[in-house]
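# Observations on the model geometry
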Amino acid sequence: MKVVIVNTSERTGGAAVAANRLMKALRKSGIDASMLVRDKQSDDENVISVNTSWVKRKINFIRFVWERIVIFINNGFDRKNLFAVSIANTGTDISKLPIIKNADIIHIHWINQGFLSLKDIQKLVQTGKPIVWTMHDMWPCTGICHHAHECTSYIEQCGNCYYLNSNSKEDLSHTIWKKKQNVSYKNIQFVAVSNWLQDILKMSSLTNASNSQTIPNLIDINLFNPIDKKIARKELGWKSDTKIILMGAAKLNDPIKGFNYLRESISFLTTYTEEESYLIVLFGEIKDNPNFLSDLPVPYVHLGVLSDVKYIAQLYQAADITVVPSLYETFGQTIIEAMACGCPVVSFNNSGQTDIIDHKKNGYLAEYKSSEDLAKGIHWTLFEADYNLLSKKAREKVADFYSEKIVANKYEEMYKEFIYDK
(Lines give C-alpha, C1' and ligand atoms only; values in the text may rest on other atoms or scores of the structure.)
Protein backbone atom coordinates (compact mmCIF):
# COMPACT_ATOMS: atom_id res chain seq x y z
CA MET A 1 0.00 0.00 0.00
CA LYS A 2 1.37 3.40 -1.02
CA VAL A 3 0.28 6.41 1.00
CA VAL A 4 1.29 10.00 0.25
CA ILE A 5 0.89 12.50 3.09
CA VAL A 6 0.36 16.06 1.84
CA ASN A 7 1.28 18.97 4.11
CA THR A 8 2.58 22.50 3.51
CA SER A 9 5.70 21.99 5.62
CA GLU A 10 7.75 18.99 6.62
CA ARG A 11 8.48 20.14 10.17
CA THR A 12 7.23 23.67 10.88
CA GLY A 13 4.00 23.80 12.88
CA GLY A 14 2.00 21.31 14.90
CA ALA A 15 0.31 19.76 11.87
CA ALA A 16 3.68 19.22 10.18
CA VAL A 17 5.08 17.52 13.27
CA ALA A 18 2.02 15.27 13.49
CA ALA A 19 2.04 14.44 9.77
CA ASN A 20 5.76 13.68 9.77
CA ARG A 21 5.44 11.44 12.81
CA LEU A 22 2.57 9.59 11.14
CA MET A 23 4.64 8.99 7.99
CA LYS A 24 7.45 7.48 10.04
CA ALA A 25 5.07 5.35 12.11
CA LEU A 26 3.35 4.02 8.98
CA ARG A 27 6.72 3.09 7.50
CA LYS A 28 7.63 1.23 10.69
CA SER A 29 4.41 -0.77 10.31
CA GLY A 30 5.32 -1.78 6.75
CA ILE A 31 3.32 0.78 4.75
CA ASP A 32 5.09 2.57 1.87
CA ALA A 33 4.40 6.08 3.16
CA SER A 34 5.94 9.27 1.80
CA MET A 35 5.35 12.97 2.34
CA LEU A 36 4.73 15.66 -0.29
CA VAL A 37 5.42 19.19 0.94
CA ARG A 38 6.20 22.67 -0.26
CA ASP A 39 8.75 23.42 2.45
CA LYS A 40 11.28 20.65 3.06
CA GLN A 41 13.67 21.00 6.00
CA SER A 42 15.58 17.70 6.06
CA ASP A 43 17.41 15.29 3.78
CA ASP A 44 14.81 12.54 4.31
CA GLU A 45 14.46 10.78 0.96
CA ASN A 46 10.84 9.93 1.77
CA VAL A 47 9.92 13.63 1.85
CA ILE A 48 9.39 15.21 -1.58
CA SER A 49 9.13 18.96 -2.16
CA VAL A 50 7.33 20.73 -5.01
CA ASN A 51 10.08 23.36 -4.81
CA THR A 52 12.28 21.48 -7.28
CA SER A 53 13.97 24.58 -8.67
CA TRP A 54 14.76 28.19 -7.82
CA VAL A 55 12.00 29.32 -10.17
CA LYS A 56 9.35 27.09 -8.59
CA ARG A 57 10.43 28.20 -5.13
CA LYS A 58 9.94 31.84 -6.11
CA ILE A 59 6.58 31.13 -7.78
CA ASN A 60 5.33 29.35 -4.66
CA PHE A 61 6.51 32.23 -2.50
CA ILE A 62 4.55 34.62 -4.73
CA ARG A 63 1.49 32.40 -4.28
CA PHE A 64 1.90 32.66 -0.50
CA VAL A 65 2.22 36.46 -0.71
CA TRP A 66 -0.71 36.81 -3.12
CA GLU A 67 -3.08 35.03 -0.76
CA ARG A 68 -2.03 37.32 2.09
CA ILE A 69 -2.45 40.41 -0.11
CA VAL A 70 -6.05 39.48 -0.94
CA ILE A 71 -6.78 38.96 2.76
CA PHE A 72 -5.04 42.23 3.65
CA ILE A 73 -7.17 44.17 1.14
CA ASN A 74 -10.40 42.54 2.29
CA ASN A 75 -9.52 43.34 5.89
CA GLY A 76 -9.37 47.06 5.15
CA PHE A 77 -5.56 47.10 4.87
CA ASP A 78 -5.28 45.95 8.47
CA ARG A 79 -2.56 43.39 9.33
CA LYS A 80 -4.51 42.17 12.33
CA ASN A 81 -5.64 38.56 11.87
CA LEU A 82 -3.65 38.33 8.64
CA PHE A 83 -2.57 34.78 9.50
CA ALA A 84 -5.67 33.75 11.42
CA VAL A 85 -7.47 33.05 8.14
CA SER A 86 -6.72 31.36 4.81
CA ILE A 87 -8.62 31.53 1.53
CA ALA A 88 -6.82 28.94 -0.66
CA ASN A 89 -7.23 31.13 -3.74
CA THR A 90 -3.95 29.99 -5.23
CA GLY A 91 -1.74 26.93 -5.08
CA THR A 92 0.08 24.14 -6.87
CA ASP A 93 -1.67 21.49 -8.96
CA ILE A 94 -0.07 18.30 -7.62
CA SER A 95 -2.60 15.89 -9.18
CA LYS A 96 -0.32 14.95 -12.10
CA LEU A 97 2.86 14.41 -10.10
CA PRO A 98 4.24 10.83 -10.16
CA ILE A 99 4.06 10.57 -6.37
CA ILE A 100 0.31 11.25 -6.55
CA LYS A 101 -0.31 9.05 -9.59
CA ASN A 102 1.43 6.10 -7.92
CA ALA A 103 -0.34 6.49 -4.57
CA ASP A 104 -3.11 4.21 -3.35
CA ILE A 105 -4.18 6.76 -0.72
CA ILE A 106 -3.82 10.55 -0.81
CA HIS A 107 -3.74 11.77 2.78
CA ILE A 108 -4.17 15.55 3.14
CA HIS A 109 -3.19 17.30 6.36
CA TRP A 110 -2.58 21.11 6.61
CA ILE A 111 -2.24 22.62 3.13
CA ASN A 112 -2.71 26.36 3.65
CA GLN A 113 -0.58 29.48 3.03
CA GLY A 114 -0.52 29.06 -0.73
CA PHE A 115 0.35 25.36 -1.04
CA LEU A 116 -2.97 23.99 -2.35
CA SER A 117 -5.96 25.96 -3.60
CA LEU A 118 -9.54 24.76 -3.35
CA LYS A 119 -9.34 23.95 -7.08
CA ASP A 120 -6.21 21.89 -6.44
CA ILE A 121 -8.02 19.90 -3.75
CA GLN A 122 -10.91 19.26 -6.14
CA LYS A 123 -8.44 18.03 -8.77
CA LEU A 124 -7.16 15.49 -6.25
CA VAL A 125 -10.72 14.29 -5.68
CA GLN A 126 -11.17 14.00 -9.45
CA THR A 127 -8.26 11.56 -9.69
CA GLY A 128 -10.67 9.00 -8.28
CA LYS A 129 -8.15 7.94 -5.65
CA PRO A 130 -9.24 7.61 -2.01
CA ILE A 131 -8.76 10.95 -0.23
CA VAL A 132 -8.27 11.18 3.54
CA TRP A 133 -8.14 14.60 5.16
CA THR A 134 -6.89 14.86 8.73
CA MET A 135 -8.10 18.11 10.28
CA HIS A 136 -5.62 19.85 12.55
CA ASP A 137 -7.81 22.92 12.96
CA MET A 138 -11.29 24.13 11.98
CA TRP A 139 -10.41 25.49 8.53
CA PRO A 140 -12.08 22.73 6.41
CA CYS A 141 -15.30 23.38 8.37
CA THR A 142 -15.36 27.17 8.10
CA GLY A 143 -15.22 29.82 5.43
CA ILE A 144 -11.74 31.15 6.14
CA CYS A 145 -10.79 30.90 9.82
CA HIS A 146 -8.60 28.29 11.49
CA HIS A 147 -10.27 28.80 14.87
CA ALA A 148 -13.76 30.25 15.11
CA HIS A 149 -13.62 31.27 18.80
CA GLU A 150 -17.23 31.89 19.88
CA CYS A 151 -18.52 32.38 16.32
CA THR A 152 -20.92 29.66 15.11
CA SER A 153 -21.70 31.00 11.64
CA TYR A 154 -20.03 27.94 10.09
CA ILE A 155 -23.01 25.89 11.24
CA GLU A 156 -25.12 27.50 8.50
CA GLN A 157 -23.06 29.86 6.33
CA CYS A 158 -20.19 32.22 6.94
CA GLY A 159 -20.41 36.00 6.61
CA ASN A 160 -20.10 39.05 8.86
CA CYS A 161 -16.69 37.65 9.68
CA TYR A 162 -15.18 38.52 13.04
CA TYR A 163 -11.66 38.25 11.65
CA LEU A 164 -12.40 40.75 8.88
CA ASN A 165 -14.23 43.23 11.11
CA SER A 166 -17.00 42.75 8.59
CA ASN A 167 -20.63 43.79 8.72
CA SER A 168 -21.43 42.23 5.36
CA LYS A 169 -23.09 38.86 4.88
CA GLU A 170 -21.42 38.70 1.45
CA ASP A 171 -17.85 39.26 2.64
CA LEU A 172 -14.74 37.23 1.81
CA SER A 173 -15.59 34.55 4.36
CA HIS A 174 -18.95 33.97 2.65
CA THR A 175 -17.34 33.92 -0.79
CA ILE A 176 -14.87 31.23 0.24
CA TRP A 177 -17.58 29.32 2.09
CA LYS A 178 -19.53 29.12 -1.20
CA LYS A 179 -16.40 28.02 -3.08
CA LYS A 180 -15.83 25.25 -0.55
CA GLN A 181 -19.31 23.98 -1.39
CA ASN A 182 -17.94 23.21 -4.87
CA VAL A 183 -15.31 20.86 -3.44
CA SER A 184 -16.62 17.29 -3.33
CA TYR A 185 -16.36 16.89 0.43
CA LYS A 186 -18.68 13.88 0.30
CA ASN A 187 -15.92 11.98 -1.51
CA ILE A 188 -13.38 12.73 1.21
CA GLN A 189 -12.89 10.69 4.38
CA PHE A 190 -12.34 13.24 7.13
CA VAL A 191 -10.41 12.52 10.31
CA ALA A 192 -10.67 14.74 13.37
CA VAL A 193 -7.78 14.58 15.84
CA SER A 194 -10.12 15.01 18.83
CA ASN A 195 -13.75 14.42 19.74
CA TRP A 196 -14.18 18.18 20.15
CA LEU A 197 -13.10 18.74 16.55
CA GLN A 198 -15.29 15.87 15.41
CA ASP A 199 -18.31 17.58 17.00
CA ILE A 200 -17.51 20.77 15.07
CA LEU A 201 -17.11 18.79 11.85
CA LYS A 202 -20.56 17.30 12.35
CA MET A 203 -22.11 20.72 13.00
CA SER A 204 -20.62 22.51 9.99
CA SER A 205 -22.80 22.92 6.92
CA LEU A 206 -19.73 22.15 4.81
CA THR A 207 -18.72 18.84 6.37
CA ASN A 208 -21.74 17.44 8.22
CA ALA A 209 -22.66 15.09 5.35
CA SER A 210 -19.12 13.73 4.98
CA ASN A 211 -17.78 10.46 6.35
CA SER A 212 -15.61 11.09 9.36
CA GLN A 213 -14.02 9.54 12.41
CA THR A 214 -11.71 10.51 15.25
CA ILE A 215 -8.09 9.37 15.26
CA PRO A 216 -5.65 11.22 17.53
CA ASN A 217 -2.12 12.31 16.79
CA LEU A 218 0.67 9.97 17.82
CA ILE A 219 3.99 10.12 19.62
CA ASP A 220 7.16 8.05 19.87
CA ILE A 221 6.92 6.86 23.48
CA ASN A 222 10.49 5.55 23.34
CA LEU A 223 11.82 9.04 22.65
CA PHE A 224 9.39 10.80 25.00
CA ASN A 225 9.78 8.72 28.14
CA PRO A 226 10.21 9.33 31.86
CA ILE A 227 13.62 9.39 33.55
CA ASP A 228 14.69 10.37 37.05
CA LYS A 229 14.11 14.12 37.35
CA LYS A 230 17.32 14.59 39.34
CA ILE A 231 19.30 13.12 36.45
CA ALA A 232 17.40 15.19 33.87
CA ARG A 233 17.96 18.38 35.85
CA LYS A 234 21.64 17.66 36.37
CA GLU A 235 22.07 17.27 32.60
CA LEU A 236 20.31 20.61 32.02
CA GLY A 237 22.04 22.41 34.91
CA TRP A 238 18.79 23.07 36.78
CA LYS A 239 18.46 23.20 40.57
CA SER A 240 16.81 20.20 42.20
CA ASP A 241 14.98 22.24 44.87
CA THR A 242 13.11 24.57 42.49
CA LYS A 243 9.61 23.93 41.16
CA ILE A 244 9.93 23.99 37.37
CA ILE A 245 6.85 25.07 35.41
CA LEU A 246 7.16 24.50 31.66
CA MET A 247 5.24 25.98 28.74
CA GLY A 248 6.00 25.62 25.05
CA ALA A 249 4.28 26.80 21.87
CA ALA A 250 5.20 27.58 18.29
CA LYS A 251 4.45 31.25 19.05
CA LEU A 252 4.21 32.09 22.74
CA ASN A 253 2.54 35.46 22.21
CA ASP A 254 -0.18 34.10 19.97
CA PRO A 255 -3.33 35.04 21.95
CA ILE A 256 -4.79 31.58 21.34
CA LYS A 257 -1.97 30.05 23.40
CA GLY A 258 -3.23 31.92 26.48
CA PHE A 259 0.09 32.93 27.98
CA ASN A 260 -1.51 35.77 29.96
CA TYR A 261 -3.54 33.18 31.87
CA LEU A 262 -0.29 31.52 32.92
CA ARG A 263 1.13 34.92 33.90
CA GLU A 264 -1.91 35.68 36.06
CA SER A 265 -2.01 32.19 37.55
CA ILE A 266 1.60 32.51 38.74
CA SER A 267 0.63 35.70 40.57
CA PHE A 268 -2.12 33.76 42.35
CA LEU A 269 0.21 30.84 43.00
CA THR A 270 2.87 32.91 44.72
CA THR A 271 0.27 34.15 47.23
CA TYR A 272 -0.56 30.52 48.13
CA THR A 273 3.03 29.36 48.60
CA GLU A 274 5.32 32.32 49.19
CA GLU A 275 8.06 30.12 50.58
CA GLU A 276 8.44 28.07 47.42
CA SER A 277 11.00 28.75 44.71
CA TYR A 278 9.66 28.69 41.15
CA LEU A 279 11.22 28.85 37.72
CA ILE A 280 9.21 29.28 34.53
CA VAL A 281 10.84 27.60 31.53
CA LEU A 282 9.49 28.70 28.15
CA PHE A 283 10.20 27.71 24.57
CA GLY A 284 8.81 29.03 21.31
CA GLU A 285 8.88 32.21 19.26
CA ILE A 286 7.98 35.62 20.65
CA LYS A 287 7.20 37.80 17.66
CA ASP A 288 7.33 41.62 17.51
CA ASN A 289 7.14 42.09 21.28
CA PRO A 290 10.56 42.19 23.04
CA ASN A 291 8.94 43.13 26.39
CA PHE A 292 6.43 40.29 26.38
CA LEU A 293 8.00 38.55 29.39
CA SER A 294 9.05 41.66 31.30
CA ASP A 295 6.50 41.48 34.11
CA LEU A 296 6.55 37.79 35.01
CA PRO A 297 6.32 37.60 38.81
CA VAL A 298 8.93 34.81 39.18
CA PRO A 299 12.27 34.01 37.52
CA TYR A 300 12.06 32.60 34.01
CA VAL A 301 14.15 31.20 31.19
CA HIS A 302 13.16 31.65 27.54
CA LEU A 303 14.88 29.08 25.35
CA GLY A 304 13.57 30.42 22.04
CA VAL A 305 12.53 28.25 19.11
CA LEU A 306 13.58 24.61 19.56
CA SER A 307 13.82 21.90 16.92
CA ASP A 308 15.83 19.22 18.71
CA VAL A 309 13.15 16.78 19.88
CA LYS A 310 15.57 14.99 22.21
CA TYR A 311 16.26 18.25 23.99
CA ILE A 312 12.53 19.05 24.15
CA ALA A 313 11.95 15.62 25.72
CA GLN A 314 14.64 16.47 28.29
CA LEU A 315 12.73 19.60 29.26
CA TYR A 316 9.58 17.59 29.97
CA GLN A 317 11.60 14.99 31.88
CA ALA A 318 13.12 17.66 34.10
CA ALA A 319 10.02 19.82 34.66
CA ASP A 320 7.61 19.29 37.54
CA ILE A 321 4.60 20.38 35.53
CA THR A 322 3.61 21.58 32.07
CA VAL A 323 0.95 24.26 31.73
CA VAL A 324 -1.08 24.52 28.50
CA PRO A 325 -3.39 27.55 28.98
CA SER A 326 -4.59 27.62 25.36
CA LEU A 327 -8.02 28.98 24.50
CA TYR A 328 -8.27 26.15 21.97
CA GLU A 329 -6.31 22.98 21.39
CA THR A 330 -7.62 20.92 18.51
CA PHE A 331 -5.57 18.08 19.99
CA GLY A 332 -2.68 19.02 22.25
CA GLN A 333 0.69 17.79 20.97
CA THR A 334 2.64 19.34 23.84
CA ILE A 335 0.22 17.70 26.27
CA ILE A 336 0.98 14.15 25.13
CA GLU A 337 4.70 14.94 24.87
CA ALA A 338 4.76 16.07 28.50
CA MET A 339 2.58 13.24 29.78
CA ALA A 340 4.65 10.64 27.91
CA CYS A 341 7.62 11.91 29.93
CA GLY A 342 5.69 11.57 33.20
CA CYS A 343 5.19 15.32 33.50
CA PRO A 344 1.60 16.11 34.55
CA VAL A 345 -0.26 18.82 32.63
CA VAL A 346 -2.62 21.55 33.77
CA SER A 347 -4.90 22.96 31.08
CA PHE A 348 -8.41 24.32 30.59
CA ASN A 349 -11.48 22.09 30.46
CA ASN A 350 -12.37 22.80 26.86
CA SER A 351 -11.59 21.56 23.33
CA GLY A 352 -9.18 18.79 22.40
CA GLN A 353 -7.26 18.54 25.67
CA THR A 354 -10.30 17.05 27.38
CA ASP A 355 -9.73 13.84 25.40
CA ILE A 356 -6.25 13.48 26.86
CA ILE A 357 -6.36 14.80 30.41
CA ASP A 358 -8.55 12.94 32.91
CA HIS A 359 -9.23 15.46 35.65
CA LYS A 360 -7.27 14.75 38.84
CA LYS A 361 -6.31 11.29 37.52
CA ASN A 362 -3.42 12.13 35.22
CA GLY A 363 -3.55 15.94 35.23
CA TYR A 364 -5.83 18.87 36.01
CA LEU A 365 -8.52 20.55 33.89
CA ALA A 366 -9.12 24.08 35.14
CA GLU A 367 -12.29 26.08 34.64
CA TYR A 368 -12.15 27.69 31.21
CA LYS A 369 -10.41 31.08 31.17
CA SER A 370 -9.99 31.09 34.96
CA SER A 371 -6.45 32.06 35.93
CA GLU A 372 -7.31 31.44 39.56
CA ASP A 373 -8.42 27.86 38.93
CA LEU A 374 -5.37 27.35 36.71
CA ALA A 375 -3.28 28.38 39.75
CA LYS A 376 -5.25 25.98 41.95
CA GLY A 377 -4.54 23.23 39.44
CA ILE A 378 -0.82 23.96 39.51
CA HIS A 379 -0.82 24.04 43.31
CA TRP A 380 -2.87 20.83 43.55
CA THR A 381 -0.54 19.02 41.17
CA LEU A 382 2.64 20.15 42.91
CA PHE A 383 1.62 20.01 46.57
CA GLU A 384 -1.63 18.11 47.13
CA ALA A 385 -1.84 15.24 44.66
CA ASP A 386 0.05 11.94 44.83
CA TYR A 387 2.59 13.25 42.34
CA ASN A 388 4.25 9.92 41.57
CA LEU A 389 0.89 8.27 40.86
CA LEU A 390 -0.19 11.25 38.74
CA SER A 391 2.99 10.97 36.69
CA LYS A 392 2.55 7.22 36.26
CA LYS A 393 -1.06 7.62 35.10
CA ALA A 394 -0.05 10.37 32.68
CA ARG A 395 2.50 8.08 31.05
CA GLU A 396 0.03 5.18 30.93
CA LYS A 397 -2.64 7.27 29.20
CA VAL A 398 -0.26 8.19 26.38
CA ALA A 399 1.11 4.66 26.02
CA ASP A 400 -2.42 3.21 25.86
CA PHE A 401 -3.92 5.68 23.38
CA TYR A 402 -1.28 7.68 21.46
CA SER A 403 1.69 5.40 20.76
CA GLU A 404 2.93 5.02 17.19
CA LYS A 405 1.75 1.44 16.83
CA ILE A 406 -1.77 2.07 18.13
CA VAL A 407 -2.48 5.15 15.99
CA ALA A 408 -0.75 3.79 12.86
CA ASN A 409 -2.88 0.64 13.11
CA LYS A 410 -6.05 2.75 13.22
CA TYR A 411 -5.03 4.55 10.04
CA GLU A 412 -4.03 1.30 8.34
CA GLU A 413 -7.45 -0.20 9.07
CA MET A 414 -9.15 2.90 7.72
CA TYR A 415 -7.02 2.92 4.57
CA LYS A 416 -7.86 -0.71 3.86
CA GLU A 417 -11.59 -0.12 4.35
CA PHE A 418 -11.46 2.97 2.15
CA ILE A 419 -9.60 1.15 -0.64
CA TYR A 420 -12.06 -1.76 -0.42
CA ASP A 421 -15.05 0.59 -0.60
CA LYS A 422 -13.58 2.28 -3.68
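Note: the structure precedes this text.
Because the structure is predicted, anything quoted here is derived from the model rather than measured.

Okay, the overall build of the protein chain next. A count of helical and extended segments in the protein chain gives 14 helices and 13 strands. Over its C-alpha atoms the protein chain spans a radius of gyration of 22 Å, differing by no more than 12% from the 22 Å that the globule rule assigns to 422 residues. Once the C-alpha set of the protein chain is aligned to its principal axes, its extents read approximately 65 × 50 × 40 Å. Of the contacts formed within the protein chain by residues at least 6 apart in sequence, a portion of 66% connects residues at least 24 apart. Within the structure as shown, the protein chain displays about 18,600 Å² of accessible surface, and the carbon and sulfur contribution to it stands at 49%.

With that settled, consider the sheet that holds strand β5 (residues 131-135). The strand order across the open sheet built from seven strands is β3-β2-β1-β4-β5-β6-β7, with neighbouring strands paired in parallel fashion. The sheet is open, and its two borders are formed by β3 (47-49) and β7 (212-214), each paired with just one other strand. Across the sheet, the mean angle from the axis of one strand to that of its neighbour is 25°, orientation sign disregarded. Relative to β5, strand β4 (residues 105-108) runs parallel, the two being bridged by three bridges. When the bridges of β5 are listed, Ile108 appears paired with Trp133. Against the sheet, helix α6 (residues 195-203) makes contact with β5, β6 (188-192) and β7, and its axis sits at roughly 165° relative to β7, the strand it touches most.

Turning next to the environment of Arg395. Here Arg395 is to be found in helix α13 (residues 387-401). Residues Arg395 and Ile256 lie 139 residues apart in sequence; the distance between their C-alpha atoms is 26 Å. Apart from the residues within four sequence positions on either side, Arg395 is in contact with Ile221, Phe224, Asn225, Pro226, Met339 and Ala340.

In this section: the packing of aromatic side chains. Per the stated rule, a full pass over the model turns up 18 aromatic pairs. Ring geometry for Phe224 and Tyr316: centres 6.3 Å apart, planes at 55°, overall tilted. In this pair, Phe224 is assigned in the loop between β7 and α7 (229-236) and Tyr316 in helix α9 (residues 309-318), connecting sequence segments 92 residues apart. Pair check on accessibility: Phe224 and Tyr316 agree, each one buried. Taking 6.5 Å as the distance between ring centres and 80° as the angle between the ring planes, the aromatic pair formed by Phe283 and Tyr316 counts as edge-to-face. Pair noted here: Phe283 is in strand β9 (residues 278-285) and Tyr316 is in helix α9, with a separation of 33 residues, a long-range link. Accessibility classification places Phe283 together with Tyr316 in one group, the buried group. Ring pairing ties together the aromatic residues Trp133, Trp139, Tyr185 and Phe190, which thus form one cluster. In this structure, Lys180 is placed above the aromatic ring of Trp139, and the distance from its NZ or CZ to the ring centre is 3.5 Å.

Attention now goes to a nonpolar patch on the surface. Taken together, Phe61, Ile62, Val65, Trp66, Ile69, Ile73 and Phe77 make up a surface patch of nonpolar side chains, about 700 Å² in accessible area. Among the structural elements, Phe61 can be located in helix α2 (residues 54-74).

So, about the packing of helix α10 (residues 333-340) against α13. Between two packed helices, the angle of one axis relative to the other and the distance separating the axes together describe the packing. Where α10 contacts α13, the axes come no closer than 7 Å and their chain directions differ by 120°. One way to sum up the angle between α10 and α13 is to call them oblique. When you trace α10 past α13, the crossing you get is left-handed. Every residue of α13 that contacts α10 at Ile336, Met339 and Ala340 is listed here: Ala394, Arg395, Lys397 and Val398. Considered class by class, the residues forming the contact of α10 with α13 number five nonpolar, no polar and two charged.

Checked against the element boundaries, Ser9 lands in the loop between β1 (2-6) and α1 (14-28). The exposure class assigned to Ser9 is buried, which follows from its relative accessible area of 6%. Those residues in contact with Ser9 that lie beyond four places of it in its chain are Ala16, Met35, Val37, Asp39 and Gln41. A polar contact of 3.3 Å, which involves the side chain of Ser9, links it to the backbone nitrogen of Arg11. A polar side-chain atom of Ser9 sits 2.9 Å from the main-chain amide nitrogen of Thr12.

Another point: helix α8 (residues 259-272). Between the first and last C-alpha of α8 there are 20 Å, a value that for 14 residues agrees with the 20 Å anticipated at 1.5 Å per step. Along α8, the positions that sit buried rather than exposed are Phe259, Tyr261, Leu262, Arg263, Ser265, Ile266 and Leu269. Elements in contact with the buried residues of α8: β8 (243-251), β9, β11 (321-324), β12 (345-348) and α12 (371-384).

The rules behind each value
- Residues numbered from 1 in each chain as written.
- Predicted model: local features only at pLDDT ≥ 70, side-chain atom pairs only at ≥ 80, totals over all residues.
- Heavy atoms only, no water.
- Helix = DSSP H or I, 4+ residues; strand = E, 2+ residues; numbered from the N terminus.
- Rg over C-alpha atoms; globule rule 2.2 N^0.38 Å.
- Contact = heavy atoms within 4.5 Å.
- Areas by Shrake-Rupley, 256 points an atom, 1.4 Å probe, with all protein chains shown as cover.
- Pairing = 2+ DSSP bridges.
- Axes fitted to C-alpha atoms, helices over the stretch in contact; angles between N-to-C directions.
- Phe/Tyr/Trp six-rings, centres within 6.5 Å; stacked < 30°, edge-to-face > 60°.
- Buried < 20%, exposed > 50% of the residue type's maximum accessible area, 1.4 Å probe, protein only.
- Lys NZ or Arg CZ within 6 Å of the ring centre and 35° of its normal.
- Patch = residues over 30% accessible without salt bridge, like charges linked within 9 Å, V, L, I, M, F, W, Y side chains within 5 Å.
- Salt bridge = Lys/Arg side-chain N within 4 Å of Asp/Glu carboxyl O.
- Parallel < 35°, antiparallel > 145°, perpendicular 65-115°, else oblique.
- Left-handed = near helix turned anticlockwise from the far one by under 90°.
- Nonpolar A, V, L, I, M, F, W, Y, C, P; charged D, E, K, R; others polar.
- Polar contact = N/O pair within 3.5 Å; in protein donor to acceptor, adjacent residues only side chain to side chain.
- Expected span 1.5 Å × (residues − 1).

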